[in-house]
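Structural overview for review
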Amino acid sequence: PAMKAQFRNLLMRRLEGETAKSVLREAIDSTKANEANRPDEADTETGKSNDSSWLEQAPKPKWIWASQSRGNQKVWFRKSFTLESPVRSARLYTTCDNRMTVFVNGKQAGKSDAWQSPIEKDITKLLRLGRNVIAIAGQNEGGVAALVAKLLVVDRDGNPHGITTDRSWKLSEEEISKWKSLPLDDSTWSGVSVKGELGSGPWGIPGVGTAAAGGDG
């Protein structure tokens, strides 16, 4: 049953002049403080679902990494892209064997410590008109390693745009100063090695349905 609240012997007092203004200011300040403490929508993960259809539609993301996998290996990835229309929505899916931290235009969008636990969330507020960059710090603990990501952007007119992990991504095996910032010139960074499409072994589609065993790490 719904909870009921009863108030007895309430005393109503009319506020006037400076007293009324002071009480109103306190109420406004309190509301602003509560709104400021709410988490940004871009920092809140969306609920995971069993719907993998949008991930399997073209363009389909590839599992990428450096040419060789090593234990305790760290790799920094970047992908720049341009948005020519205002964004209506932007849905990001990404995971890394074994762990990762994700940044969009220099702001952290999420992190995961297990490839079986992908990030899937709305990052609309982190995007802007013009040039954007996704930067991901990935780490392998042992065995086979790889990163996969897909960003589905729907513009103001309802047109979908897919940005996925593929050979166009850049990587560095050294942490470069301001590596996650938008202005960084990554033209001298190395190309990536493609390990397979999303859905292929040993990972399957993590977080959706049944995934395979993954790497040894």
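Higher on the page you've got the structure.
Attention in this report is confined to the structure presented alongside it. (Residues numbered from 1 in each chain as written. Predicted model: local features only at pLDDT ≥ 70, side-chain atom pairs only at ≥ 80, totals over all residues. Heavy atoms only, no water.)

**Regarding the overall build of the chain**
Across its full length, the chain carries two helices and 12 strands. Across the chain, helices and strands are ordered from the amino to the carboxyl terminus as α-α-β-β-β-β-β-β-β-β-β-β-β-β. When burial is assessed residue by residue, the chain has 38% of its 217 residues classed as buried. In the chain, of all internal contacts separated by at least 6 residues, the share reaching a separation of at least 24 is 77%. Carbon and sulfur atoms form 47% of the exposed surface of the chain, whose accessible area is close to 12,600 Å². (Helix = DSSP H or I, 4+ residues; strand = E, 2+ residues; numbered from the N terminus. Buried < 20%, exposed > 50% of the residue type's maximum accessible area, 1.4 Å probe, protein only. Contact = heavy atoms within 4.5 Å. Areas by Shrake-Rupley, 256 points an atom, 1.4 Å probe, with all protein chains shown as cover.)

**A look at the side chain of S172**
Within the fold, S172 resides in strand β10 (residues 170-172). A distance of 2.7 Å separates the side chain of S172 from the backbone oxygen of E174, its partner in a polar contact. Sequence-distant contacts of S172, that is, excluding residues within four places in its chain, are made with V75, W76 and W189. (Polar contact = N/O pair within 3.5 Å; in protein donor to acceptor, adjacent residues only side chain to side chain.)

**A word on the sheet that holds β10**
Spatially, six strands are ordered β5-β4-β7-β2-β10-β11 in an open sheet, and the strand pairing comes out antiparallel. This sheet does not close on itself; its edge strands, each paired only once, are β5 (107-112) and β11 (190-191). Two elements, strand β4 (residues 99-104) and β5, share five bridges in a ladder whose sense is antiparallel. Residue pairing in the sheet places T101 in a bridge with K111 of β5. (Pairing = 2+ DSSP bridges.)

**Re unusual backbone geometry**
A cis amide bond links A58 to the next residue, P59, at an omega of -5°. Note that the residue after G201, namely P202, is joined by a cis bond; omega there is 5°. Looking at the element boundaries, P202 is found in the segment after β12 (193-197). Positive phi, close to 55°, is recorded for N72, a residue that is not glycine. Note that N72 resides in the loop between β1 (62-65) and β2 (73-83). The class of N72 is exposed, set by a relative accessible area of 60%.

**Observations concerning the environment of W63**
Counting through the fold element by element, W63 comes out in strand β1. Put simply, W63 and S200 are 137 residues apart on the chain and 8.8 Å apart in space, counted from C-alpha to C-alpha.

**Remarks on the pairing of strand β9 (residues 160-164)**
Bridge count for strand β8 (residues 146-155) against β9 is five bridges, and the pairing is antiparallel. Bridging across to β9, V154 finds its partner in P160. Remark: four residues form the turn of the hairpin made by β8 and β9, two consecutive strands paired antiparallel; G158 in that turn has positive phi of roughly 90°.

**Side note on the nonpolar core**
For soluble globular proteins, nonpolar side chains are generally found buried alongside one another. Formed by 29 residues in total, the largest nonpolar core has its most connected members in F77, I123, L151 and W169. Where this core is concerned, the elements lending two or more residues are β1, β2, β3 (87-97), β4, β7 (130-140) and β8. Beyond its immediate stretch of four places on either side in the chain, L151 contacts F81, A90, R91, L92, I123, I134, H161, G162 and I163. Of all hydrophobic cores here, the second largest spans 11 residues; its members include W63, L198, W203 and V208. (Core = buried A, V, L, I, M, F, W, Y, C linked by side-chain atoms within 4.5 Å.)

**Regarding the packing of aromatic side chains**
Ring pairs (aromatic) are described by centroid distance and by the angle formed between their planes. Tallied over the entire structure, the rule returns three aromatic pairs. Where W65 meets F77, the ring centres are 5.6 Å apart and the plane angle is 50°; that geometry is what we call tilted. Of the two residues, W65 sits in strand β1 while F77 sits in strand β2, which places them 12 residues apart along the sequence. One Lys or Arg, K180, reaches over the ring of F103 and ends 5.0 Å from the middle of that ring. (Phe/Tyr/Trp six-rings, centres within 6.5 Å; stacked < 30°, edge-to-face > 60°. Lys NZ or Arg CZ within 6 Å of the ring centre and 35° of its normal.)

**Topic: the environment of G199**
Looking at the secondary structure, you find G199 in the segment after β12. Sequence separation between G199 and P61 is 138 residues, and the spatial gap between their C-alpha atoms is 9.3 Å. Those residues in contact with G199, other than ones at most four positions away along the chain, are W63, G204 and I205.

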